[in-house]
Amino acid sequence: DVKVTQSSRYLVKRTGEKVFLECVQDMDHENMFWYRQDPGLGLRLIYFSYDVKMKEKGDIPEGYSVSREKKERFSLILESASTNQTSMYLCASSFDFVHQPQHFGDGTRLSIL
Amino acid sequence: DQQVKQNSPSLSVQEGRISILNCDYTNSMFDYFLWYKKYPAEGPTFLISISSIKDKNEDGRFTVFLNKSAKHLSLHIVPSQPGDSAVYFCAAKRRSQGNLIFGKGTKLSVKP
C-alpha cells in the first residue's frame, strides 16, 4: 500500500511567520502534489512536481513555494503566513501522469493567527 | 470557471438503496476521470476511475458511468451502507497533464 505521510496533523502559526509543511511518500513515485481544501471550494492545486528539483505552479501558487530535493520528499513553504492561508493542506503522490491515481496523505490542518 | 461541477452539495439515502452521485465537466480534453471518498480528518481515498475510451467501470458495489456526449459521469453505490457516509469528490485530468481538477464534493449520508 502507498503511504503518504504529512509531518503534522495540526499546526498553529502566527501571521508573518515562515511555515514549512513536509510530505514524504514511500513508493518511489515520480509525481507529488500539494493541495488545499476549503469548505465549498473543494481541492485546489497549489504546486506539483514531476521530478527532483522540478516544480510546476498549480491553480493557486501565490504566497507559496515548494522544494523537492529528494524524490520521496516534497515540502510546501508559506513564505510569510497570512490568515487567509488557514486551511487543510493535502499532499499527494502518483506513479505517473497518465492513468495512475493520486494517493493522499491525511492532511495538515493549519491555522494562522 | 469551474471545469468540474458537482451540483449537489449533499445527498441522503437509506441503507440498502442505491446512491447516485453526479458530476459534470466542461473541458472536452479530459480523458481520465476519478472518484475519491473523504472522511473527516482524513485525506481523500481513491475509489474508482474510468478512461474516456470506456463508458462503464465496475468495482464491487461501485460503478462509474461516463457519458462523453453529455460530459457527464456518475457514481453508483449499490447497496449503500452507513460506512459509505463521506464526502465524494469527482476529479478529471488530461492524459498529457499530471494535475487533477476536482469538483467541490458531495456529502453522502446513508441512514440505517
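What counts, and where the lines are drawn
- Residues numbered from 1 in each chain as written.
- Chains lettered and ligands numbered in written order.
- Predicted model: local features only at pLDDT ≥ 70, side-chain atom pairs only at ≥ 80, totals over all residues.
- Heavy atoms only, no water.
- Contact = heavy atoms within 4.5 Å.
- Buried area = accessible area lost by both parts, 1.4 Å probe.
- Salt bridge = Lys/Arg side-chain N within 4 Å of Asp/Glu carboxyl O.
- Polar contact = N/O pair within 3.5 Å; in protein donor to acceptor, adjacent residues only side chain to side chain.
- Helix = DSSP H or I, 4+ residues; strand = E, 2+ residues; numbered from the N terminus.
- Nonpolar A, V, L, I, M, F, W, Y, C, P; charged D, E, K, R; others polar.
- Pairing = 2+ DSSP bridges.
- 1 Å grid on protein atoms, 1.4 Å probe; cavity = no way out; pocket = protein on both sides within 12 Å on 5 of 7 lines; lining within 4 Å.
- Points joined across faces, edges and corners; volume = space filled by probe spheres on them.

1. Digging into the interface of chain B and chain A
The extent of an interface is frequently quoted as the accessible surface area lost upon association of the parts.
Okay, so step 1: Taken residue by residue, the interface counts 22 residues in chain B and 21 residues in chain A.
Okay, so step 2: Interface area for chain B against chain A, summed over the two sides, is near 1800 Å², with a carbon-plus-sulfur share of 60%.
Okay, so step 3: Across the chain B-chain A interface, the total number found is zero salt bridges.
Okay, so step 4: Summed over the shared surface of chain B and chain A, the result is four residue pairs in polar contact (both at pLDDT 80 or more).
Okay, so step 5: Only strand E4 (32-38), strand E5 (45-51), strand E9 (86-93) and strand E10 (101-102) of chain B provide two or more residues apiece to the side of chain B that touches chain A.
Okay, so step 6: Sort the elements by how many residues they give to the side of chain B that touches chain A and E4(B) lands first, with four residues.
Okay, so step 7: Residue composition of the side of chain B that touches chain A, by class: ten nonpolar, six polar and six charged.

2. Quick notes on the sheet that holds strand E1 (residues 4-5) of chain B
Okay, so step 1: The sheet built from five strands is open, its strands ordered E1-E3-E8-E7-E6 (chain B) with antiparallel pairing. With partners counted over all chains shown, the strands left at the sheet margins are E1 and strand E6 (56-59) of chain B, one partner each.

3. A short note on empty space enclosed by the protein
Okay, so step 1: Counted by the stated rule, this structure contains one cavity of 30 Å³ or more.
Okay, so step 2: Computed from the structure, the largest cavity encloses a volume of approximately 40 Å³.
Okay, so step 3: What lines the largest cavity is a set of eleven residues, among which Ser94(A), Gln100(A), Gln102(A), Lys93(B) and Gly98(B) lie closest to the centre.
Okay, so step 4: Grouping the constituent residues of the lining of the largest cavity by class yields five nonpolar, four polar and two charged.

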